[in-house]
Amino acid sequence: DQQVKQNSPSLSVQEGRISILNCDYTNSMFDYFLWYKKYPAEGPTFLISISSIKDKNEDGRFTVFLNKSAKHLSLHIVPSQPGDSAVYFCAANRDDKIIFGKGTRLHILP
Amino acid sequence: EAGVAQSPRYKIIEKRQSVAFWCNPISGHATLYWYQQILGQGPKLLIQFQNNGVVDDSQLPKDRFSAERLKGVDSTLKIQPAKLEDSAVYLCASRLNGAYEQYFGPGTRLTVT
């Protein structure tokens, strides 16, 4: 029973364009959502987060949007850069525990 | 600020052998987590500590896995005996009280042959 779903295993985007990574969740009790970025042979690195009472949070090139009625969130990266090529995990928090999606591998094309 | 430290980075063992992983969290982080990440999946929580007490170990296969955090700082995770399906990356993370973000170490890649 996957509570956090990332339905796109991979995504390719041209350098300089916008990357949009999507995530769906099923549990309405999640109170906080996070995005992590992972390079090979490294642990996940925290990227950006959003409280369930907000609908948008922006940090530089990264923006996370939350649609609670649809139980959907998305991460926008603009403009996309070569260093953004990585696996991105969507995660949701409840009771100080985080549940992760399976990840989306983002390829930034030159 | 030093990050979460883990060792070893890689370990290869035969099935039925035992193995131990070590984690040193970020200084001041009272909460520590161990995760298992199988290839192609997201990290899955095994156990959560608050200081030296266990908060949640419901996902820990207790017949073969054990973990401790005796002094509320470092932690060890042990597998005995290992099975082929234990091949995975074992990640340690820590969190500051009151914050949501968890900070991860580099992980230990375990291969059981």
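Residues numbered from 1 in each chain as written. Chains lettered and ligands numbered in written order. Predicted model: local features only at pLDDT ≥ 70, side-chain atom pairs only at ≥ 80, totals over all residues. Heavy atoms only, no water.

**Student:** What is the right way to read the interface of chain B and chain A from this model?
**Tutor:** For interface size, the figure often reported is the accessible area lost on association. Listed per partner, the contact involves 22 residues of chain B and 19 residues of chain A. Between the two partners, chain B and chain A, sit 2 salt bridges. Among the ionic pairs, Asp-96 of chain A bridges to Arg-95 of chain B, the shortest N-O distance being 3.4 Å. Counting the contacts that link chain B with chain A gives 5 residue pairs in polar contact (both at pLDDT 80 or more). Those elements giving two or more residues to the side of chain B that touches chain A turn out to be strand S4 (31-37), strand S5 (44-50), strand S6 (53-56), strand S9 (88-95) and strand S10 (103-104) of chain B. Considered class by class, the residues forming the side of chain B that touches chain A number 11 nonpolar, 7 polar and 4 charged. (Contact = heavy atoms within 4.5 Å. Salt bridge = Lys/Arg side-chain N within 4 Å of Asp/Glu carboxyl O. Polar contact = N/O pair within 3.5 Å; in protein donor to acceptor, adjacent residues only side chain to side chain. Helix = DSSP H or I, 4+ residues; strand = E, 2+ residues; numbered from the N terminus. Nonpolar A, V, L, I, M, F, W, Y, C, P; charged D, E, K, R; others polar.)

**Student:** Just checking my understanding: could you explain the confidence of the model for chain B for this structure?
**Tutor:** In regions of low pLDDT, the predicted coordinates are not meant to be interpreted in detail. Per-residue pLDDT for chain B has a mean of 95; in total, 99% of the residues score no lower than 70. Least confident of the elements in chain B is S6 of chain B, whose mean pLDDT is 94; most confident is strand S8 (residues 75-79) of chain B, at 98. (pLDDT = per-residue confidence, 0-100.)

**Student:** Got a minute to help me understand the state of the cysteines in this structure?
**Tutor:** Disulfides are covalent bonds that connect the sulfur atoms of two cysteines. Applying the stated criterion across every chain, the model contains 2 disulfides over all chains. Linked covalently through their sulfurs, Cys-23 of chain A and Cys-90 of chain A form a disulfide whose S-S length is 2.0 Å. Here the disulfide of Cys-23 of chain A and Cys-90 of chain A is left-handed, its torsion about the S-S bond being about -75 degrees. Placement of the pair is Cys-23 of chain A in strand S3 (residues 19-25) and Cys-90 of chain A in strand S9 (residues 86-94), with a sequence separation of 67 residues. For Cys-90 of chain A, a relative accessible area of 0% gives the class buried. Note on cysteine connectivity: Cys-23 of chain B is disulfide-linked to Cys-92 of chain B, with sulfurs 1.9 Å apart. (Disulfide = S-S within 2.5 Å. Buried < 20%, exposed > 50% of the residue type's maximum accessible area, 1.4 Å probe, protein only.)

**Student:** Looking at this structure, I do not really get the pairing of S5 of chain B. What am I missing?
**Tutor:** Looking along a regular strand, one sees the side chains alternate between the two faces of the sheet. All names here are of chain B. With 5 of 7 residues buried, S5 lies mostly within the body of the structure. Sheet topology note: the S4/S5 ladder contains 6 bridges and is antiparallel. Residue pairing in the sheet places Trp-34 in a bridge with Ile-47 of S5. Following S4, the chain reverses through 6 residues before pairing antiparallel with S5; Gly-40 in that reversal takes a positive phi of roughly 85 degrees. Pairing analysis gives 3 bridges linking S5 to S6, with the strands arranged antiparallel. Considered in S6, the bridge of Gln-48 is made with Asp-56. (Pairing = 2+ DSSP bridges.)

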